Amino acid sequence: MDIYSAKIDGRNPVIIQAHTDEGVSGLGEAAVAYGSGAGAACALIAELARRFVIGRDPFQIEAIWSDLYDHTFWAKGGGPIIFSAISALEQTLWDIKARALGVPVYELLGGKYRDDVRVYANGWSFRATTPLEIARAAEKALAAGYDALKFYPLSQVDPNHPNGMFSHVSRREYDRGMRDHAVAMVRAVREAVGPKVDLMVDMSSELTPDAIIQVGRAMEEFDLLFFEEPVDPSDVQALKMVSDKLDMSIAVGERLYTRYGFRPVMEQHAAHILQPDIGNTGGLMETKKIAAMAEAYSMRLAPHVCAGPVASAVALHLDASIPNFLIQELYPFRVPEHFALVDDPVEPKVRNGRVAIPQRPGYGVDLVPEKVRPYLAETVAA
């Protein structure tokens, strides 16, 4: 098994390639490319692979996942690092199985509901500091073929920040000036793109419930597709409070892990749209199970993606196979080196806000050896 840690332009995709003794290989990605934790995920992937995966029949996906969940001990109640490691390993098994059978992965998930999926663009607004700048950035995103956009109106551009792009609100600091600026940014985008383009704003759980309710009420007029992560997603009561007070759809899920983490949000109807990330919530089948639970609670999925090009391809197979799919997140404006890691990346194929489901066996992408080789972090031998 090869583990790659690709530090590219402020992001750090963690991609793994698992090999079998029959010559079939499979890909997976841990969704910790943003923020901190990539190094820890690499180390944990190697440890878990040695203890629970190498030497096993890769077709026994559920059994291997259960061992990872039950016998790592820390997975129960665990967070993004352990579940990103489990997710990446689990994804490789689906890719191996589908390639061995000569079919796309979605065929193993019950077949596809749709031939293509609607997508939205993220990452287009990171350098905009004023309403005029963000309006111009939105126009460029539309010109690139997107009719749905997400952005962060409370964030501040800060190229010297450790995340390499912008900073979120810290210490829950908030005042009227921040609210007015955020509203002005959303107004500028809405006026620039017109009424038919779907807009989503990500609040990144930056404020307290009282403050975010004030911000949200001021944004209701802009007809948002959803208002993302208004408060800490682990505080379901606070999420429910915000959801009840605002006249807009609330989305949450990129920092919730496994079906067990999503269950209280569903039970309390604390949000309207769920955003699990296949690369950190437990893997492909775990996300499929979350989707099935959400269907029973009359909720839709807008899966989260903020990692590398393998993660984008994996997400399309989930999107194809669930009935309650809404829209898929993509980051199409990263540097070319990011997409060059694979031979057929998803993002350049978007047309009119949609992208076709890959038809090649597995996830439909292969690593480009000369592009990933410099980022090899560890090889785990059988």
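Our structure is the block above this text.
One structure accompanies this document, and this report is about it. These numbers were taken from a predicted model, which means no experiment stands behind them.

1. Description of helix α6 (residues 209-219)
Residues spaced three or four apart along an α-helix point in a common direction, a consequence of the helix completing one turn every 3.6 residues. Buried residues of α6: A211, I212, I213, V215, G216 and M219, and no others. As for α6, its buried residues are in contact with α5 (176-193), β8 (198-202), β9 (226-228) and α7 (236-245).

2. Comments concerning the sheet that holds strand β3 (residues 25-30)
Spatially, the four strands line up as an open sheet ordered β3-β2-β1-β15, and their pairing is antiparallel. Two strands in the sheet have a free side with no partner beyond their single neighbour: β3 and β15 (376-379). Geometrically, the sheet is characterised by an average inter-axis angle of 20 degrees between neighbouring strands, direction not taken into account. Pairing analysis gives three bridges linking strand β1 (residues 2-5) to β15, with the strands arranged antiparallel. In the sheet register, I3 faces β15, and the bridge partner there is E378. Along the sheet face, helix α3 (residues 80-101) touches β2 (14-19) and β3 and points at about 155 degrees away from the line of β3.

3. Side note on the pattern of salt bridges
Using the criterion set out here, one finds 24 salt bridges in the structure. R51 is paired through a salt bridge with E47; the nearest N and O atoms lie 3.7 Å apart. On the criterion of helical spacing, the pair formed by R51 and E47 is a turn pair, its members being four residues apart in helix α1 (residues 38-53). Classification of E47 by relative accessible area gives partly exposed; the value is 37%. When the shortest N-O distance is used, the salt bridge between R360 and D343 registers 3.0 Å. Residue R360 is found in the loop between β14 (354-356) and α12 (369-372), and its partner D343 is found in the loop between α11 (336-339) and β14; the two are separated by 17 residues along the sequence.

What counts, and at which threshold
- Residues numbered from 1 in each chain as written.
- Predicted model: local features only at pLDDT ≥ 70, side-chain atom pairs only at ≥ 80, totals over all residues.
- Heavy atoms only, no water.
- Buried < 20%, exposed > 50% of the residue type's maximum accessible area, 1.4 Å probe, protein only.
- Helix = DSSP H or I, 4+ residues; strand = E, 2+ residues; numbered from the N terminus.
- Contact = heavy atoms within 4.5 Å.
- Pairing = 2+ DSSP bridges.
- Axes fitted to C-alpha atoms, helices over the stretch in contact; angles between N-to-C directions.
- Salt bridge = Lys/Arg side-chain N within 4 Å of Asp/Glu carboxyl O.

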